[in-house]
Amino acid sequence: MQVEVLKSGLLDGVRHGFLGRRGGVSQGLHGGLNVGLGSQDDPEAVRTNRRLAVEAVAPGARLVTLHQVHSATALPVTEPFPDNGRPPADALVTDRPGLALGILTADCTPVLFADQRAGVIGAAHSGWKGAIGGVVESTLAEMERLGADRSNVVAAVGPTIARKSYEVDEGFFRRFTAEDPEHERFFSAGKPGHHQFDLEGFVLARIAAAGVGRVEALGLDTYSDPDRFYSYRRSTHRAEPDYGRQISLIALP
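Residues numbered from 1 in each chain as written. Predicted model: local features only at pLDDT ≥ 70, side-chain atom pairs only at ≥ 80, totals over all residues. Heavy atoms only, no water.

### Comments concerning the layout of surface pockets
- The space that makes up the largest pocket amounts to roughly 750 Å³.
- His 70, Cys 108, His 125, Tyr 232 and Tyr 243 are, among the 29 residues lining the largest pocket, the residues nearest its centre.
- Listed by contribution, the elements that provide at least two residues to the lining of the largest pocket are β6 (99-105), α2 (128-133) and α6 (232-237).
- Per-element accounting of the lining of the largest pocket gives the leading share, four residues, to α6.
- A breakdown of the residues in the lining of the largest pocket according to their chemical character gives 13 nonpolar, 10 polar and six charged. (1 Å grid on protein atoms, 1.4 Å probe; cavity = no way out; pocket = protein on both sides within 12 Å on 5 of 7 lines; lining within 4 Å. Points joined across faces, edges and corners; volume = space filled by probe spheres on them. Helix = DSSP H or I, 4+ residues; strand = E, 2+ residues; numbered from the N terminus. Nonpolar A, V, L, I, M, F, W, Y, C, P; charged D, E, K, R; others polar.)

Next comes the structure, spelled out in structure tokens:
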């Protein structure tokens, strides 16, 4: 199966793509384009999938990924890190052509950023911890240090778990509303003692509040489409022993 590349119209002119599990060489539980170095998949299959992903989006570019830890840390990058030496962080920015910034997800929200006028790009992994912790804001600050102007930045939000699929408990709800009572608008009623959380909407609001005027969300739910996307929560609900990861990529020419 051919690698599926989902794109945003806002990022026309920049090599980018949100990839799922379609394509790739992994088998069984990880079947498809699993790019997770931390998964229990065959390491050679993962390395092959990572090459296929880059070839589908930015042929000839060198892939840069992180050891993602659900933080708000964003790093400027000038060259790829070794697989066994990836720094703990959750966003990357660069002004160097030929680097493909890669963010891995399996329900969390991938965000790709670009200031085409300044020639600066960024990519962020925004789960709920990173979102409330400020990973979007950190990414934009690092882009500005490289010469970007956030008024010129556009952002695209890729496949992520949808509100209908994201049940959280009362403690989770209270954590967000204690931060800001206005956060209640990102929750809707669930079963007793539970709520449905709109992670995508929350991330979009953080991007807009940070001063990015043009944002697009693909509106695709990772949890409810097992043929197309990996999902940590779906794998957990199925009591599966492991799960795959998909990648989102952006690269300057």
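### Looking at the sheet that holds strand β7 (residues 109-115)
- If you walk across this open sheet you meet the six strands as β4-β5-β8-β7-β9-β13, and the pairing is mixed. In this open sheet, the two edge strands, each paired with only one partner strand, are β4 (74-76) and β13 (214-217). The sheet shows a mean angle of 15° between the axes of neighbouring strands, taken without regard to direction.
- The sheet contact formed by strand β5 (residues 91-94) and strand β8 (residues 120-126) spans four bridges and is antiparallel. Bridge pairing links Ala 91 to Ala 124 in β8.
- Each of β7, β8, β9 (154-157) and β13 is contacted by helix α5 (residues 199-209), which is oriented at about 175° to β9, the strand it contacts most. (Pairing = 2+ DSSP bridges. Axes fitted to C-alpha atoms, helices over the stretch in contact; angles between N-to-C directions. Contact = heavy atoms within 4.5 Å.)

### Focus: unusual backbone geometry
- In this structure, His 70 is a non-glycine residue whose phi angle is positive, near 60°.
- Tracing the backbone through its elements, the reader meets His 70 in the loop between β3 (62-64) and β4.
- Even without a glycine there, the phi angle at Asp 107 is positive, about 130°.
- Mapping Asp 107 onto the fold places it in the loop between β6 and β7.
- When its relative accessible area of 6% is taken as the criterion, Asp 107 is described as buried. (Buried < 20%, exposed > 50% of the residue type's maximum accessible area, 1.4 Å probe, protein only.)

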